[in-house]
Amino acid sequence: MIKAVMFDTKPYDIESFDKVIGDDIEINYYETKLDRRTAELARGCDVVITFVNDVLDGEVIARLATLDVKLIALRCAGFNNVDFKAAYGKIHIVRVPAYSPHAVAEHTMAMLLTSLRRIHKAYNRTRDFNFSIAGFTGFDLYGRTVGVIGAGKIGRAFIDICNGFGMRVLAYDKYPGEGVNAEFVELDKLISESDIISLHCPLTEENYHIIDGDSISRMKDGVYILNTSRGALIDAESLLEGIKSKKIGAACLDVYEEESDVFFDDRSGHILQDDTLARLLSMPNVLVTSHQAFLTEEALAGIAETTVANIRAFFGGEKLVNEICYHCSDGDVGECKKQRGGRCF
Ligand code: NAI
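Residues numbered from 1 in each chain as written. Predicted model: local features only at pLDDT ≥ 70, side-chain atom pairs only at ≥ 80, totals over all residues. Heavy atoms only, no water.

Caption draft 1: Geometry of the side chain of threonine 145. Along the chain, threonine 145 turns up in strand β6 (residues 145-149). Since its relative accessible area comes to 6%, threonine 145 is described here as buried. Side-chain polar atoms of threonine 145 contact the side chain of arginine 168, separated by 3.2 Å. When sequence neighbours within four positions are dropped, the list of residues in contact with threonine 145 reads Arg168, Leu170, Glu193, Ser194, Asp195 and Ile196. (Helix = DSSP H or I, 4+ residues; strand = E, 2+ residues; numbered from the N terminus. Buried < 20%, exposed > 50% of the residue type's maximum accessible area, 1.4 Å probe, protein only. Polar contact = N/O pair within 3.5 Å; in protein donor to acceptor, adjacent residues only side chain to side chain. Contact = heavy atoms within 4.5 Å.)

See below:
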């Protein structure tokens, strides 16, 4: 029996994982997030299953290693919260590289349309028998320029949707691939020519605050900024300044730099301590969802299936196709052990 502990568990996680675990895996579900304080809950477990806001820094990983945890299974794609170099040689780390890029791409377009056509405001008005449409003027997406930063799986799905709307699609990617239905341009051109900018790249040290005061100043007046990727791609203070000065026409955010203390929980009735988020939420042209872009039936099923397959592959001695690559051959370790033996170490 493989013993696992899941952190930051929601009812929909239990439902989707219970459907696929079978008799060979037992999961203890905890609502609490993983951090230095809660790592002890992994005692006696072989696997730790985590999500986007669990803390997996060097200290937590060292603690898990002393508890004899053998595998960290991320039930998400992004791994910016993981010190995977600290885990190298101690604990293997697997992830779910793709579950439903369409879920995130479709949510991005849903946010754009909601904000642009004021659907959320119209919904509230008509429920109050207020049938005025004053203040709801949007603009046609047809013929407008959208700039997509990061043309990977989600970026491409979003690009395809934008093409369906008849938009001019620009893309910037650090490693541009083939077969993308967009015009690849330099970041500066994308920033200065786009009516709508959508972020779909992973968060790395290099692109931290890729949207900041400087890049915002080079954008078109009235630009729409969409972020369904990772919060720290945007400097939230600069975003707020851009909104206040009316440089930015609207912001649609499914992620936020300091989301880990706020998102995923019901905080109604509490005093929100994050002044920047509170101010952003007070703006009529800022739409925030709390990291729900992935939340479709297809994506949840895909996450559970791949996570469980990753766990079985590890304990079955198979190749770990979804192990996060440490890129050891770039550093001091020499050849890539994953390429040769199917595992990083
Ligand atoms: P992917 O790996 O398929 O694509 C990412 C693309 O970004 C790649 O083409 C890569 O070359 C490019 N890239 C890397 N560094 C870059 C840089 N500095 N500048 C420009 N482009 C860069 O990943 P996928 O599946 O498309 O996911 C993208 C991101 O979406 C994830 O890293 C994650 O942060 C976020 N995400 C958000 C979800 C949500 O619920 N809001 C759910 C799933 C993913």
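Caption draft 2: Fine view of helix α1 (residues 11-20). Every buried residue of α1 is accounted for by Asp13, Ser16 and Phe17. The arc that holds the buried residues of α1, viewed along the axis, is 95 degrees, so those residues lie on one side. Exposed residues on α1 whose side chains face more than 90 degrees from its buried face are Pro11, Glu15 and Lys19. Tucked into the core, α1 has its buried residues touching β1 (2-6), β2 (25-29) and α11 (297-315). Among the residues trailing α1, glycine 22 stands out with phi positive, at a value near 70 degrees. (Arc of directions from axis to C-beta.)

Caption draft 3: A look at the sheet that holds strand β10 (residues 223-227). Strands sit in the order β8-β7-β6-β9-β10-β11-β12 across an open sheet of seven strands; the sheet is parallel. The open sheet has two free edges, formed respectively by β8 (183-184) and β12 (286-288), since each of these has just one partner strand. Relative to strand β11 (residues 248-253), β10 is paired through five bridges, and the arrangement is parallel. The partner of tyrosine 224 across the bridge, within β11, is alanine 250. The sheet contacts of helix α6 (residues 153-164) involve β6, β7 (168-172), β9 (196-199) and β10, and relative to β6 the element is tilted by about 170 degrees. (Pairing = 2+ DSSP bridges. Axes fitted to C-alpha atoms, helices over the stretch in contact; angles between N-to-C directions.)

Caption draft 4: Summary view of the environment of aspartate 24. Structurally, aspartate 24 can be placed in the loop between α1 and β2. A sequence separation of 194 residues divides aspartate 24 from arginine 218, and the C-alpha atoms of the two residues are 55 Å apart. Among all residues touching aspartate 24, those that are not within four sequence positions of it are Met1, Ile2 and Arg312. Here the side chain of aspartate 24 touches arginine 312 through a polar contact of 2.6 Å, side chain to side chain.

Caption draft 5: Highlighting the pattern of salt bridges. Under the definition given, this model contains 22 salt bridges. A salt bridge links arginine 36 to glutamate 59; its shortest N-O distance comes to 2.9 Å. Highlighted residues: arginine 36 in the loop between β2 and β3 (47-50) and glutamate 59 in helix α2 (residues 58-66), separated in sequence by 23 residues. The class of glutamate 59 is partly exposed, set by a relative accessible area of 47%. Here the salt bridges share partners, and the residues they tie into one network are Asp8, Lys10, Asp265 and Arg267. (Salt bridge = Lys/Arg side-chain N within 4 Å of Asp/Glu carboxyl O.)

Caption draft 6: Seen up close, the site of the ligand. Near the ligand lie 23 residues; those nearest to it are Lys153, Ile154, Asp173, Thr228 and Asp254. A distance of 3.4 Å separates an oxygen atom of the ligand from a polar atom in the side chain of serine 229. Here the ligand loses 88% of its free accessible area of 860 Å² to cover by the protein chains. Looking at the shell around the ligand residue by residue, the class counts come to ten nonpolar, seven polar and six charged. (Near = heavy atom within 4 Å. Areas by Shrake-Rupley, 256 points an atom, 1.4 Å probe, with all protein chains shown as cover. Nonpolar A, V, L, I, M, F, W, Y, C, P; charged D, E, K, R; others polar.)

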